[in-house]
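# Structural description and commentary
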Amino acid sequence: MSTTSLLVIAILILATLGYFLASKRAISTAGGDRRKLHSLPVYYGSNAAMFTAIPALGVLLIWLLAQPMLVERNILSTIPDKLIPEGSSIGLVMSDVRRVADGLEVVVSTGTLSQNETLKLDTEQTDIRALLAGVGAAVGSDVQPEVLKAAQNYRAQTKMGQSWMVLIIVPLALIGFALSVLAAKPTFRARNTVERGILALLVLAASLAILTTIGIVFSMLFESINFFKLHSWTDFFFGGSWAPNFRGDSDLSILPLLWGTIYISIIALIVAVPVGLFAAIYLSEYAGPRVRAFAKPLLEILAGIPTIVYGLFALVTVGPALVRVFGRGQEGLLGLEWMSGATAVLTAGLVMGIMLIPFVSSLSDDIINAVPQSLRDGSLGLGATPSETIRQIVLPAALPGIVGAVLLAASRAIGETMIVVLGAGAIAKFSANPLDAMTTITTRIVSQLTGDTDFASPETLVAFALGLTLFVLTLGLNVIALYIVRKYREQYD
Amino acid sequence: MNDKNIMESHMGTTAIKISARDVQVYYGDNHAIKDVSIDIEDKTVTAFIGPSGCGKSTFLRCLNRMNDTIDICNVTGSIRIDDEDIYDRRVDPVQLRAKVGMVFQKPNPFPKSIYDNVAYGPRIHGLAQNKADLDEIVERALRRGAIWNEVKDRLQSPGTGLSGGQQQRLCIARAVATEPEVLLMDEPCSALDPIATAQVEELIDELRQSFSVVIVTHSMQQAARVSQKTAFFHLGNMVEYGETGQIFTTPQDPRTESYITGRIG
């Protein structure tokens, strides 16, 4: 078992011990009368466990993240330049060093060689590669003496780091343990301390989500900046053609992709908004409780279908059906020649619209239900029919919320990938014909990044610029949607 | 004042507007109204009083079939308005509600302009020939709602922006605009302050000239002030019904006496 896991187990055992000792001590210092304690014994125990485990585990985590980085930097400076083969990089050599070091670790732990013997190893006398292969560690080429030396250095420094880690963390846990157990007296406000600990946990969880978002934006931003260093931004934003060419000198303009994205999204919304809205009106205003009880979950099942399955539906069912209607000349239903392949804007748009129906209907249903019953009663009491009430009172009152729901659906449509990959084709062009194949931003990101890619060429980096633009676009839509929804909410609160 | 009311109701017409016989209402398994029979006179204010949950609001909502909008509610017995059974299969509840207007406990102006709030009913029922006609209907309704002077300069501003008392008078004007024959009011002053209450009560007294008004109220003082006839409900039964002055001075039933003297409720 490794040092780290032993250390973690030791800390946890100490924390458990602290829990019981502290709660016992709290009761005994109160003379066995729980009522004299400020907090319940559980809180004294939790406080002790918290102070034993959390600082120690926190330092351990930071140490584990920092140590390999520091050790590697030390080792890197010792690797001579001549060791780096033509066309390779220092990173590859370093990974060799790491592999040899790990292999030697296994050699020692399986007992093939002792610790001292590994230190005396020499590339001249032993075939290191064969030795390592014997314990299951594969090294790409013969091990060079410098690499072996670096690996041995690596092992030594890692070992030393680990000893220091134990020397620092164990006392830290012990200090926390001792202080918190000693503090377990009736006057100590353990409950408040534990609550503050819980608060810290909640803050940590919340900030993690926000930090991740910021991290995503920054990683996209840096790669996009790299892209704009290699490719002119005027071509990207205002050029007219998308023709990536891995030999270089490509046309990389977002406009044809943006057109495809918007066109498909609009068709999807034309399908999803009326159907979803009518479904929501039926469910919230007309359906009895029994119909509602099974129809609503059934509609929401649509939302649980993976989008790739919708993509298959587009490819094998909707696309061919559309071709049968609009294509095939005399054999087709209408005798038209308008559509040649199953992949088209209309195919993807229709299927994406179906995907968005539960999204629109579920959100609209909630919003329509939020319209106060007193308004409906007022309208019905004046002799309006249910449908007049819905048209003239309920929908106008719910309209801002419904607009918000539609905008959220639109931002999903813009970000949708799988349906478009399978349903819309891969040709980037400006065309107003919904029966043409077209493509979107998301599918181009996928195709630019799949396969053997070199992260230094504009053809690859363009994916990040596309992604960032998409992110800004959907973020803008979401912000507007949330703003509208919030403004609407204030009306009734 | 009570004496004056009695005098007036004796002098006025005593035509029966609404006649209910053996009305039973069930909410699911709950028997909410038991054997209620009552004759409500035209051009009269009739007050329903009684403790909370006694069924007075439920009975009121039977008179314009608002209970139809509640799935589990079941009404039996006969309720006749102008000698026509309103629970008859041939009666359209939507038409009925145009004839029997309703004002609710909480002011519920639509999120529209003041003008559109009042014009809502007339527009639906096609009461106006043209825009000028509609303007006239709206103005007349707002005048009858005793709110015209306060809102005539801002007819296009939202009805929800008015004060509580103004909102309730707007709702009364809205109900009046469809020219109903009966006006049902479900605790119309419970959300209002005393000044707004006084204004609404004054309004109710004026509305008596043209409609039969039925008002549910928790305030016995209010019932005494505005009504000519009073019905006392208790636990789903109508215990006593008679001239307001008589109910409050010489109640026949011991339960009525206990309630108006504050011993039950």
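Each chain carries its own residue numbering, running from 1 in the written order of its sequence. The naming scheme follows written order: chains are lettered A onward, ligands numbered 1 onward. In keeping with the predicted nature of the model, local features appear solely for residues at pLDDT of at least 70, side-chain atom pairs appear and are counted solely at 80 or more, and the whole-chain, interface and lining totals rest on all residues.

## Topic: the packing of helix H5 (residues 131–144) of chain B against helix H7 (residues 164–177) of chain B
All names here are of chain B. Axis angles are defined between N-to-C directions and span 0 to 180 degrees, where every axis is a line fitted to C-alpha atoms and, for a helix, only to the segment in contact. Segments assigned H or I by DSSP are reported as helices when at least four residues long, segments assigned E as strands when at least two residues long, and all are numbered from the N terminus. Put simply, H5 and H7 touch, their axes get as near as 8 Å, and they point 130 degrees apart. Accordingly, the angle class assigned to the pair H5 and H7 is oblique. The hand of the H5/H7 crossing is right-handed. Seen from H5, the contacting residues are Ile137, Val138, Ala141, Leu142 and Arg144; seen from H7, they are Ala173, Val176 and Ala177. Each residue is assigned to one of three groups, with Ala, Val, Leu, Ile, Met, Phe, Trp, Tyr, Cys and Pro labelled nonpolar, Asp, Glu, Lys and Arg labelled charged, and all others, Gly among them, labelled polar. The class makeup of the residues in the contact of H5 with H7 is seven nonpolar, no polar and one charged. By the definition adopted for this analysis, an angle is roughly parallel if under 35 degrees, roughly antiparallel if over 145, roughly perpendicular if from 65 to 115, and oblique otherwise. A clockwise turn of the near helix away from the far one marks a right-handed crossing, whereas an anticlockwise turn of less than a right angle marks a left-handed crossing. Here, residues touch in the contact sense if the C-beta positions derived from the backbone fall within 7 Å of one another.

## Regarding the sheet that holds strand E6 (residues 100–103) of chain B
All names here are of chain B. Ordered by their spatial adjacency, six strands build an open sheet running E6-E7-E8-E3-E9-E10, and the pairing between neighbours is mixed. The outermost strands of the open sheet, each flanked by one partner alone, are E6 and strand E10 (237–243). Within the sheet, the average angular offset between the axes of one strand and its neighbour, ignoring direction, is 15 degrees. Pairs of strands are assigned from DSSP output, requiring at least two bridges between the strands. As paired elements, strand E7 (residues 182–186) and strand E8 (residues 212–216) share five bridges and run parallel to each other. Bridge assignment links Leu183 to a residue of E8, and that residue is Val213. Sheet strands in contact with H7 are E6 and E7, and its direction is about 170 degrees off that of E6.

## Some details on the interface of chain A and chain B
Each partner contributes to the interface: chain A provides 16 residues, whereas chain B provides 22 residues. Of all the secondary-structure elements, those providing two or more residues to the side of chain A that touches chain B are helix H13 (373–381) and helix H14 (386–415) of chain A. If you tally residues by element for the side of chain A that touches chain B, the top one is H13(A), at six residues. The residue makeup of the side of chain A that touches chain B, split by class, is seven nonpolar, seven polar and two charged.

## A look at helix H11 (residues 307–326) of chain A
Residue and element names in this part refer to chain A. A residue's bend is simply the angle between two axes: one fitted to the seven residues ending at it, one to the seven starting at it. By the largest-angle criterion, Ala314 marks the main kink of H11, which is about 40 degrees. By the burial criterion, the buried members of H11 are Tyr310, Gly311, Phe313, Ala314, Val318, Gly319, Leu322 and Val323. Residues of H11 that are buried make contact with helix H12 (345–370) and helix H15 (418–423). Residues are called buried when their C-beta atom has 20 or more other C-beta atoms within 10 Å, exposed when it has 12 or fewer, and partly exposed otherwise; all C-beta atoms are positioned from the backbone.

## Side note on the domain arrangement of chain A
The source of the domain bounds is an automatic or database domain assignment. For chain A, the assigned domains read domain 1 (3–188) and domain 2 (242–492). Between domain 1 of chain A and domain 2 of chain A, the C-alpha centre-to-centre distance is 50 Å.

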